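# Results of the structural survey
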Amino acid sequence: MGKTEKKQQQQEVQNLIPGLPDEIAMECLIRVPYKFHNDLKSVCQRWLNLISSHSFYRERIRSGKAEHLVCQVQPLPLSPPNPKDSSSATTHLVSDSAARITSTKKDQQQDDDDHELHQQRQEVHRTPLQYGLTIFNASNGTWERIRPHVGRIPMFCQCVAVPASRKLLLIGGWDPITLEPVPDVYVLDMVNNSSRWRRVKPMSVARSFFACAVVGASTVCVAGGHDGQKNALKSAEVYDVEADEWRMLPEMDEERDECQGVCLEGDRFFVVSGYGTESQGRFKPDAECYDSKTGSWSKFDHVWPFPSLSPRGSTATITSNRLQQHQWLWFLGKEQQQNGEVVKGKIVSSIVPLPKSVTEGSSSPCVSVTTLHNSQQQQKVFVMTGNGGRGCSSSSALSSFICNECEGEGAFIMERDVSNGNVKWDHVHLPVGFSGFPCSASFLLI
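Predicted model, so just to flag it, every value in this text is computed and none were measured. (Residues numbered from 1 in each chain as written. Predicted model: local features only at pLDDT ≥ 70, side-chain atom pairs only at ≥ 80, totals over all residues. Heavy atoms only, no water.)

For the rest of this paragraph, the subject is the overall build of the chain. In terms of regular secondary structure, the chain is built from nine helices and 24 strands. Counting all 446 residues of the chain, 50% fall into the buried class. Nonlocal contacts in the chain, meaning residues at least 24 apart in sequence, comprise 56% of its contacts between residues at least 6 apart. Approximately 21100 Å² of the chain is accessible, and the part contributed by carbon and sulfur atoms is 48%. (Helix = DSSP H or I, 4+ residues; strand = E, 2+ residues; numbered from the N terminus. Buried < 20%, exposed > 50% of the residue type's maximum accessible area, 1.4 Å probe, protein only. Contact = heavy atoms within 4.5 Å. Areas by Shrake-Rupley, 256 points an atom, 1.4 Å probe, with all protein chains shown as cover.)

Here it is in structure tokens:
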């Protein structure tokens, strides 16, 4: 073999795909769906290094090949599987404790099966409610569930996505056994070790039902909520995701339990509404804003006009580059459908009424909202309701919502045309076992 042939062979070995320039090979690899990325890493060391790098995912975003992932903390189904059904596709949806108690022997008589199933169901309902992380891939319409390997996911924990590092955080919430607030924090790296959770440094204060938002590239601010005695808190702290460090912030002026966190303009952390210890259930109309540049809080009046309605989960943050405005959108039931906006400088709060098919059967459904897409032309928001209906209607005008296969709550994607404000709603199919109302949700572009 001549020197030229050896050099060409060595070059092909070094190429991402032998025989192709790296530019063309990259165009091929960024088109591979995210669910196969772990398989790609096992091909060779160079593919492992490439697909473990954030530059690879930035290229997917730049080329429009990135996938939209809605990440939700959902209660796991409590009903055990049929003992005659050996399908692993069903049993993987059940909590670990439920799966253990539902194992049966194949040679049991039918009567024994029925009796045991009855006992299993009784046992399942005595088992503490367990939660799992659900991933809805809005790009291809698939659902999957990821189980933590660090114990039970806390009830009502905050699911926070950090776009810069493509990590998911689960923060605070209640211990599912003691029902006490916890300071625990778990991290899931969606690029590396996407199946392994890692427990990191806990918060300084155990809290639940608090405001939370990503501020800047790699910090997460939390504020308010309540402690183990159900006392509303006005303390706040910030977490550096890369350094794994918590730092206390100055306290807010007021206690705020069941408040909503919103980040606007990249470095301003808004804590919307909430209530004090002595005024439970009476939500404040104002908000407090922490400016990370000045290290101080300021108050915004007339932000939340619904004294009996919690803002938690029902808002989505939108940036309108065309209007140079930062917005948060409220998705509310028919009792709260009002027209109007709250304007503070370049911050606009808009009320988006839910369509009739979403609110049908409930005057005030629970709503979980996650921003999917935000550009100068179009905004997309994923909405999941907890009104107990399927989000279906017999009206021909709302035929796009009809789905005879979904169970439990409804899921929808709202598309909003920025130029004219027109809104379109599309129903999202919910497979069996994924209809539990999420206590928290976030979004990642992978």
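To continue, consider the sheet that holds strand 11 (residues 245–249). Across a sheet, paired strands are connected by hydrogen bonds in the backbone, their directions being either parallel or antiparallel. Read across the open sheet, the four strands follow the order 8-9-10-11; overall the sheet is antiparallel. The open sheet terminates on both sides in strands that have one partner only, identified here as strand 8 (211–215) and strand 11. In this sheet, adjacent strand axes meet at a mean angle of 20° when their direction is disregarded. (Pairing = 2+ DSSP bridges. Axes fitted to C-alpha atoms, helices over the stretch in contact; angles between N-to-C directions.)

This part is about the state of the cysteines. The full count for this structure, using the stated rule, is zero disulfides. Of all cysteine sulfurs in the structure, the one in Cys439 sits closest to Cys157, which takes part in no disulfide; the separation is 5.2 Å. Judged by relative accessible area, Cys157 falls into the buried class, the value being 1%. (Disulfide = S-S within 2.5 Å.)

In this section: the pairing of strand 23 (residues 423–428). Judged from the six bridges that link them, strand 22 (residues 411–417) and strand 23 form a sheet pairing that is antiparallel. Residue pairing in the sheet places Ile413 in a bridge with Asp426 of strand 23. Between the antiparallel neighbours strand 22 and strand 23 lie five residues, among them Gly421 with a positive phi of about 80°.

Inspection of every chain in the model, using the stated rule, returns 15 aromatic pairs. A centroid spacing of 5.8 Å and a plane angle of 50° characterise the contact between Trp143 and Phe434, whose relative ring orientation is tilted. Taken together, the positions of Trp143 in strand 3 (residues 142–146) and Phe434 in the loop between strand 23 and strand 24 (440–445) put the pair 291 residues apart, joining distant regions of the chain. Three or more aromatic residues joined by ring pairs make a cluster, and in this case those are Phe136, Trp143, Phe382 and Phe434. (Phe/Tyr/Trp six-rings, centres within 6.5 Å; stacked < 30°, edge-to-face > 60°.)

Turning to its location among the elements, Arg256 is positioned in the loop between strand 11 and strand 12 (260–264). Among the polar contacts made by the side chain of Arg256, one reaches the main-chain carbonyl oxygen of Ser273 at a distance of 2.9 Å. (Polar contact = N/O pair within 3.5 Å; in protein donor to acceptor, adjacent residues only side chain to side chain.)

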